[in-house]
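Structural overview for review
Each chain, written out:
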Amino acid sequence: MKRFLMISAAVLLMALTVGCAGNSAPTESAATQAPTAAPYIDTQINEPEWTLAEGELQLSDDTGVQASGSEILYFAIVSDQNGQQELRFRLSDEKAAVLKDRESAGYTVSFNGEKIGAATLNASGTVATVTAADAEGEITALATKIRGLSQ
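Residues numbered from 1 in each chain as written. Predicted model: local features only at pLDDT ≥ 70, side-chain atom pairs only at ≥ 80, totals over all residues. Heavy atoms only, no water.

With that out of the way, let us pick up the packing of aromatic side chains. Following the criterion strictly, the structure yields two aromatic pairs and no others. Taking 5.3 Å as the distance between ring centres and 45° as the angle between the ring planes, the aromatic pair formed by tryptophan 50 and tyrosine 74 counts as tilted. Here the residue tryptophan 50 occupies a position in the loop between helix H1 (2–22) and strand S1 (57–61), and tyrosine 74 occupies one in strand S3 (residues 72–79), the gap between them amounting to 24 residues. Residue classification places tryptophan 50 among the partly exposed positions, given a relative accessible area of 28%. On the basis of relative accessibility, which here comes to 28%, the residue tyrosine 74 falls in the partly exposed class. (Phe/Tyr/Trp six-rings, centres within 6.5 Å; stacked < 30°, edge-to-face > 60°. Helix = DSSP H or I, 4+ residues; strand = E, 2+ residues; numbered from the N terminus. Buried < 20%, exposed > 50% of the residue type's maximum accessible area, 1.4 Å probe, protein only.)

And the structure:
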């Protein structure tokens, strides 16, 4: 009986080993196989890609500087399908809370003391937007300068 149990255990162990070996997945795909379809990733077209500025940004109005330094967190260049471009400047939540209900004749954004252009503030006060007549040339050149990629 003892010998029968030992033989049965050995056969069972061998069967399990052979059975598991046949179900193993390949570790590498063959180079000739076509790639699988990439999964769909839902991205928000209206979400800008924010970037840090390589210099001093200021948001001013007719009464003086309203935001500067760490109060302007980052900026983005944004394009729409019609080829229109604009620069957006993201303000800190604390500064936005102060500016959102403030009356102003108009804002301007400056970079390292040089005026970039007239800006509008969104209703929540979180984003100042600058547009240009020659958006493709002017906005791209300004964005390149703010990123610190040109002199």
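So, on to the nonpolar core. Ranked by internal contacts, the top residues of the largest apolar core, which has 19 residues, are Leu59, Leu87, Phe89, Val109 and Ile116. Those residues in contact with isoleucine 116 that lie beyond four places of it in its chain are Leu57, Leu87, Phe89, Val109, Ser110, Phe111, Val130, Leu142 and Ile146. (Core = buried A, V, L, I, M, F, W, Y, C linked by side-chain atoms within 4.5 Å. Contact = heavy atoms within 4.5 Å.)

Mapping threonine 120 onto the fold places it in strand S6 (residues 114–121). Residues threonine 120 and arginine 88, 32 residues apart in the sequence, show an inter-C-alpha distance of 9.6 Å. Discounting chain neighbours no more than four positions away, the residues touching threonine 120 are Val127, Ala128 and Thr129.

Moving on, we come to the side chain of threonine 129. Here threonine 129 is to be found in strand S7 (residues 127–131). With near-sequence residues (within four places) excluded, threonine 129 lies in contact with Glu86, Leu87, Arg88, Ala118, Ala119 and Thr120.

Within strand S5 (residues 107–111), four of the five residues are buried, which leaves it mostly tucked inside the rest of the structure. Strand direction decides the pairing type here: S1 and S5, joined by four bridges, are antiparallel. Paired with leucine 59 across the strands is valine 109, a residue of S5. As judged from the five bridges shared by S5 and S6, these two strands associate in the antiparallel manner. (Pairing = 2+ DSSP bridges.)

Ordered in space as S2-S1-S5-S6-S7-S4-S3, the seven strands form an open sheet in which the pairing is antiparallel. The sheet terminates laterally at strand S2 (64–68) and S3, the two strands that pair on one side only. Averaged over neighbouring strand pairs, the angle between their axes works out to 35° when direction is ignored. (Axes fitted to C-alpha atoms, helices over the stretch in contact; angles between N-to-C directions.)

To continue, consider the pairing of S6. Counting the residues that bridge the hairpin from S5 to S6 gives two residues, and of these asparagine 112 lies at a positive phi of roughly 50°. Bridge count between S6 and S7: three bridges; the pairing is antiparallel. By the bridge assignment for S7, alanine 119 is matched with valine 130. Where S6 folds back on S7, the antiparallel hairpin that results is connected by five residues, among which glycine 125 adopts a positive phi of roughly 75°.

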